[in-house]
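Breakdown of the fold
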Amino acid sequence: MSNALLSWYGELTTRRNLLKRGASLLLPGMLWLMLFLVLPGLVLVVVSFATRGAYGQLEWTFTVENYQRLAGFSVFGWTSDYLVILWRSVVVAFVTTLISVVLSYPLCFYIAARSERSRYMWLTLVIIPFWTNMVIRAYAWFLILAPEMPFAKIAAFFGFIPAGAPLYPNAFAVYLGMVSMFLPFVTLPLYASVERIDWALVEAAQDLYASPVRVFTQAILPQTMPGLSVGIILTFVPAMGMFVVPDLLGGAKYMLVGNLIQQQFGASRDWPFGAAISMGLMVLTMIGLHIYRRKGKEIEYV
């Protein structure tokens with residue numbers, strides 16, 4: 001009953017007062033989400049159906065031409081250029097996430113096996129890259145991959161690149177920069193799960209003569225799924241829209257959807273088309289997260 005006295009942390013109150021108190025606690029967060037997430041998203045949807053004026057201004061003549069252009073249809077016929085960029089962005093985000101996960105597992109187990117004092121030192125080393133701006137870290141790879149550095153000289157010696165050429169711009173430099181940017185995003189949440197592993201289950205699997213692969217998939221992977229899920233989401237979602245690393249280390253040879261969006265809102269001043277591309281990126285991200293959610297549940301119950 002609404003007027004019945006209820007106990008809330010030792011305080012007598014009514015159901016109506018509890019609802020008011022809960023609403024007052026939820027209201028600031030809901031307003032924050034509405035103001036900075038939902039409202040900008042709705043504006044982006046509206047702008048994506050608008051038209052670009054002759055001088056780059058917005059004209060509120062609504063059309064689906066921007067989405068047709070994104071799909072490759074124009075007055076000159078059909079082209080797959082934009083679809084290739086979208087697909088390349090998905091592949092880069094997927095490969096970046098996969099490599100980060102593969103590198104994070106041994107790193108997390110190594111840190112977890114250290115003493116408590118050295119463990120915090122290793123975690124600090126993982127966090128240190130966050131102290132530096134992403135652009136500066138991307139520019140640092142220019143120095144590392146420069147022609148006069150050992151890596152470029154070794155690659156030139158084996159004939160991978162011409163003598164005196166840098167190791168950029170190319171796909172290798174893009175993946176190297178992307179993994180270096182996002183590796184901590186996987187390592188930190190995954191380490192939190194690795195630290196809580198019940199090793200009795202691992203020993204039981206080994207006592208039952210399980211192969212190393214089955215020990216990992218049956219005893220270790222399910223226990224680390226919470227941290228792994230967080231790490232994958234924190235890596236895959238921003239990697240889909242990354243434009244700093246591909247722009248600096250990939251150049252015009254390796255354009256991703258983030259670079260395409262940046263061009264539309266920048267030099268091209270085609271905001272409606274840029275908004276349509278952003279909506280396409282959001283749809284691709286949601287599809288990727290949905291697929292991972294379904295596959296993640298299958299892995300969890302294997």
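Here the structure is shown first, and the text comes after it.
Here is a short report on the structure shown in this document. (Residues numbered from 1 in each chain as written. Predicted model: local features only at pLDDT ≥ 70, side-chain atom pairs only at ≥ 80, totals over all residues. Heavy atoms only, no water.)

Thoughts on the overall build of the protein chain
Condition: Strands are runs of DSSP state E lasting at least two residues, helices are runs of H or I lasting at least four, and both sets are numbered from the N terminus onward. Note on method: radius of gyration uses C-alpha positions; expected globular size equals 2.2 Å times residues raised to 0.38. Only protein chains enter the accessibility calculation, which uses a 1.4 Å probe. A residue is then buried if its area is under 20% of the maximum for its type, exposed if over 50%, and partly exposed in between. With residues, only the protein chains shown are counted as cover, and all accessible areas are computed by Shrake-Rupley using a 1.4 Å probe. All tallies of charge rest on Lys and Arg as positive and Asp and Glu as negative; His and the ends of each chain are not included. Throughout, a charge is located at the NZ atom of Lys, the CZ atom of Arg, the CG atom of Asp or the CD atom of Glu.
For the protein chain, the helix and strand inventory stands at 12 helices and six strands. By the compact-globule yardstick of 19 Å for 302 residues, the protein chain is too spread out, its C-alpha radius of gyration being 25 Å. Overall size of the protein chain, expressed as C-alpha extent along the three principal axes, is 70 × 60 × 35 Å. Counting across all 302 residues of the protein chain, residues that qualify as buried make up 33%. In the form shown here, the protein chain has an accessible surface area of approximately 18,700 Å², with 70% of it arising from carbon and sulfur atoms. Of the side chains in the protein chain, 20 bear a positive and 14 a negative charge, and the two mean positions are spaced by 5 Å.

Focus: the packing of aromatic side chains
The following threshold applies: To pair, rings of Phe, Tyr and Trp, with the six-membered ring standing in for Trp, must have centres within 6.5 Å; the planes then decide the type, stacked if under 30 degrees apart, edge-to-face if over 60, and tilted in the middle.
Enumeration over the complete set of coordinates arrives at 15 aromatic pairs. Considering the side-chain rings of F265 and W271, the 6.2 Å spacing of their centres and the 40° angle between planes classify their relative orientation as tilted. Judged by its relative accessible area of 36%, F265 is partly exposed. A connected cluster of aromatic rings, assembled from ring pairs, spans Y105, F109, W199 and F216.

Digging into the nonpolar core
The condition is simple: Buried residues of nine kinds, namely Ala, Val, Leu, Ile, Met, Phe, Trp, Tyr and Cys, make up a nonpolar core once their side-chain atoms join them within 4.5 Å. Only heavy atoms enter the contact rule, under which two residues are in contact if any of them lie within 4.5 Å.
If you look at the biggest cluster of nonpolar residues, it comprises 37 residues, and the most contacted ones within it are M178, V257 and I277. Those elements giving two or more residues to this core turn out to be α3 (81-112), α5 (134-144), α6 (150-157), α7 (171-194), α9 (212-241), α10 (244-250), α11 (257-265) and α12 (271-300). In terms of residue count, α7 provides more of this core than any other element does, six residues in total. Excluding its chain neighbours within four sequence positions, the residues that come into contact with V257 are I85, L86, S89, M240, I277 and L281. Listed in part, the 20 residues of the second largest apolar core include V186, M225, L228 and I232.

Things to note about the packing of helix α4 (residues 116-127) against α7
Threshold: Every axis in this analysis is a line fitted to C-alpha atoms, fitted for helices over the stretch in contact. Angles between the N-to-C directions lie between 0 and 180 degrees. Any angle from 65 to 115 degrees is called roughly perpendicular, while one under 35 is roughly parallel, one over 145 is roughly antiparallel, and all others are oblique. Crossings are assigned a handedness: left-handed for a near helix turned anticlockwise from the far helix by less than a right angle, right-handed for a clockwise turn. In this count, Pro and Cys sit with the nonpolar residues alongside Ala, Val, Leu, Ile, Met, Phe, Trp and Tyr, while Asp, Glu, Lys and Arg are called charged and the others, Gly among them, polar.
The N-to-C vectors of α4 and α7 enclose an angle of 150°; their axes lie 9 Å apart at closest approach. As the angle between them shows, α4 and α7 are arranged roughly antiparallel. Every pair of crossing elements has a handedness; the one defined by α4 and α7 is left-handed. For the pair α4 and α7, the contacting residues are R119, L123, V126 and I127 in the first and P184, T187, L188 and Y191 in the second. Residue composition of the contact of α4 with α7, grouped by class: six nonpolar, one polar and one charged.

Quick notes on the environment of L228
Among the structural elements, L228 can be located in helix α9. Exposure remark for L228: the relative accessible area of 7% places this residue in the buried category. Taking C-alpha positions, L228 is 8.0 Å from S193, a pair spaced 35 residues apart along the chain. Non-local contacts of L228, meaning those with residues more than four positions away in its chain, are made with V101, Y105, L190, L221 and Y292.

Here we look at the pattern of salt bridges
The line we're drawing: Counted as salt bridges are all cases of a side-chain nitrogen of Lys or Arg within 4 Å of a carboxyl oxygen of Asp or Glu.
Evaluation of the coordinates by the stated rule reveals two salt bridges. Among the ionic pairs, R69 bridges to D270, the shortest N-O distance being 2.7 Å. One end of the pair, R69, is in helix α2 (residues 65-70); the other, D270, is in the loop between α11 and α12, with 201 residues separating them in the sequence. Exposure remark for R69: the relative accessible area of 29% places this residue in the partly exposed category. Measuring nitrogen to oxygen at the nearest pair gives 3.3 Å for the salt bridge that ties R119 to E195. One end of the pair, R119, is in helix α4; the other, E195, is in the loop between α7 and α8 (199-207), with 76 residues separating them in the sequence. The exposure class assigned to R119 is buried, which follows from its relative accessible area of 19%.

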